[in-house]
Amino acid sequence: MTLQTVIPLSSQSDLDMQSGPFWTSFEQFRTSGQAGLLPIASGVVGTLITKSGQYRILAEDDFQRLYGLARETRRIQSGLRLVMTAAQAVRRHPEDATISTLVQAVSLVGDSPVLPTVERFEPLLPEGTEVDPDDEVILDPAALEGSLSP
């Protein structure tokens, strides 16, 4: 029996990420406003260092691609455990039933679809927040654009 790659892997260039903006404090990040995030396009990673830790800022498409790859890796790891268990059963009991189970396990891993990634999400809206009717609450990102500028 020969195995072949069923799921084509992305080329290495798909995973190349470049270092982007670097903020040494949350205040520096906050005062840079929306303009500070503009350089973070696809393939660029921003870095924010605060007292509580170091954070990476990614564009949504990069996050979805990396998250999809992580989920795919987890799926393949689980599938390999199943295949290894079935192979051990065949080694101990080389019967038609165990060989069939091994073949089915390998087919399951190979035929399983690659997890999808999301191109974009609907805007997030706050849930269950009580707002005083006299307060002005702006939920539209376009309306907030002017207030985020330095």
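Scroll up to find the structure.
Residues numbered from 1 in each chain as written. Predicted model: local features only at pLDDT ≥ 70, side-chain atom pairs only at ≥ 80, totals over all residues. Heavy atoms only, no water.

Novice: Could you clarify how one ought to interpret a nonpolar patch on the surface in this entry?
Specialist: Side chains of Leu15, Leu66 and Leu69 sit close together on the surface and give an oily, nonpolar patch of about 200 Å² of accessible area. Within the fold, Leu69 resides in helix α2 (residues 60–92). (Patch = residues over 30% accessible without salt bridge, like charges linked within 9 Å, V, L, I, M, F, W, Y side chains within 5 Å. Areas by Shrake-Rupley, 256 points an atom, 1.4 Å probe, with all protein chains shown as cover. Salt bridge = Lys/Arg side-chain N within 4 Å of Asp/Glu carboxyl O. Helix = DSSP H or I, 4+ residues; strand = E, 2+ residues; numbered from the N terminus.)

Novice: How should I be thinking about the side chain of Thr98 in this particular structure?
Specialist: Positionally, Thr98 belongs in helix α3 (residues 96–111). Reaching out from Thr98, the side chain makes a polar contact with the backbone oxygen of Glu95 at a distance of 3.0 Å. Not counting residues up to four positions away in its chain, the partners in contact with Thr98 are Ala89, Val90 and His93. (Polar contact = N/O pair within 3.5 Å; in protein donor to acceptor, adjacent residues only side chain to side chain. Contact = heavy atoms within 4.5 Å.)

Novice: Got a minute to help me understand the environment of Met17 in this structure?
Specialist: Along the chain, the position of Met17 falls in the segment before β1 (18–23). With 26 residues separating them in the primary sequence, Met17 and Gly43 have C-alpha atoms 4.7 Å apart. If we skip the residues at most four places from it in the chain, Met17 touches Gly43, Val45, Leu58, Asp62 and Arg65.

Novice: What am I meant to see in helix α1 (residues 26–37) here?
Specialist: One full turn of an α-helix is made of 3.6 residues, so residues set three or four places apart face in the same direction. Over its 12 residues, α1 extends only 13 Å from the first C-alpha to the last, a length that falls short of the 16 Å expected when each residue adds 1.5 Å. By the burial criterion, the buried members of α1 are Phe29, Ser32, Gly33 and Gly36. (Expected span 1.5 Å × (residues − 1). Buried < 20%, exposed > 50% of the residue type's maximum accessible area, 1.4 Å probe, protein only.)

Novice: Even after reading the chapter, I still don't get the pairing of strand β2 (residues 44–50), so can you show me in this structure?
Specialist: Across a regular strand the side chains alternate sides, sitting on one face of the sheet and then on the other. Burial analysis of β2 places five of its seven residues in the buried class, the great majority of the element. The pairing of β1 with β2 spans four bridges and is classified as parallel. Within β2, the residue paired with Trp23 across the bridge is Leu48. What joins β1 to β2 is α1, and the crossover it makes is right-handed. Alignment of β2 against strand β3 (residues 53–57), held across five bridges, turns out to be antiparallel. (Pairing = 2+ DSSP bridges. Right-handed = clockwise from strand over helix to strand, strands pointing away.)

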